[in-house]
Protein chains: 2
Amino acid sequence: MRARVIVLPRPEILDPQGRAVAHALSALHFGGVEDVRVGRIVDLTLQDGLERGAAELQVRKMAKDLLANPIVEDFTIQWLD
Amino acid sequence: MRARVIVLPRPEILDPQGRAVAHALSALHFGGVEDVRVGRIVDLTLQDGLERGAAELQVRKMAKDLLANPIVEDFTIQWLD
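Residues numbered from 1 in each chain as written. Chains lettered and ligands numbered in written order. Predicted model: local features only at pLDDT ≥ 70, side-chain atom pairs only at ≥ 80, totals over all residues. Heavy atoms only, no water.

1. Some points on the interface of chain A and chain B
- Tallying the contact residues gives 32 residues for chain A and 32 residues for chain B.
- The junction of chain A with chain B conceals about 2,700 Å² of combined surface from both sides, 66% of it contributed by carbon and sulfur atoms.
- The interface formed by chain A and chain B contains 12 residue pairs in polar contact (both at pLDDT 80 or more).
- Those elements that provide at least two residues to the side of chain A that touches chain B are strand 1 (2-9), helix 1 (16-27), strand 2 (33-46) and helix 2 (52-67) of chain A. (Contact = heavy atoms within 4.5 Å. Buried area = accessible area lost by both parts, 1.4 Å probe. Polar contact = N/O pair within 3.5 Å; in protein donor to acceptor, adjacent residues only side chain to side chain. Helix = DSSP H or I, 4+ residues; strand = E, 2+ residues; numbered from the N terminus.)

Structural data, given as structure tokens:
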């Protein structure tokens, strides 16, 4: 069972990495880019046989405790299988 | 128009960040995690009116030239709208 945790800076938070990427794209003459936000993903392979609901709770707790900083970041969980 | 570029270490490449997260999860007593891979996402807001095919080509070129390192990373593009 594979879960993907997507971590992004909250919309109201400045994103210096995104700014830097936007700047670099502009320097490389890529036009038409209005905004860039940079986040990270954590793909977790969980052992088989876990019940989906229990796994969802566990992954949510991993995200809150370790993978995301809830003060400045939001996370979402997707299931890859 | 919003594109999401997902950048992940290629499967055959060691992922020290993923190892570190797996180790930290284990130290926090989260069990049942078999593998962890860490990547990044770049969400691009493009100006309206671009034709989807042209935008796809442009985003692919951005990913190859700047957002991913094709020697050690793979990327995929998703459209968020």
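2. Observations concerning the environment of Asn69(B)
- Along the chain, Asn69(B) falls in the loop between helix 2 (52-67) and strand 3 (73-79).
- For Asn69(B) and Arg19(B), which are 50 residues apart along the polypeptide, the C-alpha to C-alpha distance reads 20 Å.

3. Topic: the confidence of the model for chain A
- Averaged over chain A, the pLDDT score is 96; the fraction of residues at 70 or greater is 100%.
- Ranking the elements of chain A by mean pLDDT puts helix 2 of chain A last with 96 and strand 1 of chain A first with 98. (pLDDT = per-residue confidence, 0-100.)

4. Details of the pattern of salt bridges
Residues and elements named next belong to chain A.
- If you walk through the whole model with that rule in mind, you get 14 salt bridges over all chains.
- Asp-43 is paired through a salt bridge with Arg-2; the nearest N and O atoms lie 3.9 Å apart. One end of the pair, Asp-43, is in strand 2; the other, Arg-2, is in strand 1, with 41 residues separating them in the sequence.
- Given a relative accessible area of 4%, Asp-43 falls into the buried group. (Salt bridge = Lys/Arg side-chain N within 4 Å of Asp/Glu carboxyl O. Buried < 20%, exposed > 50% of the residue type's maximum accessible area, 1.4 Å probe, protein only.)

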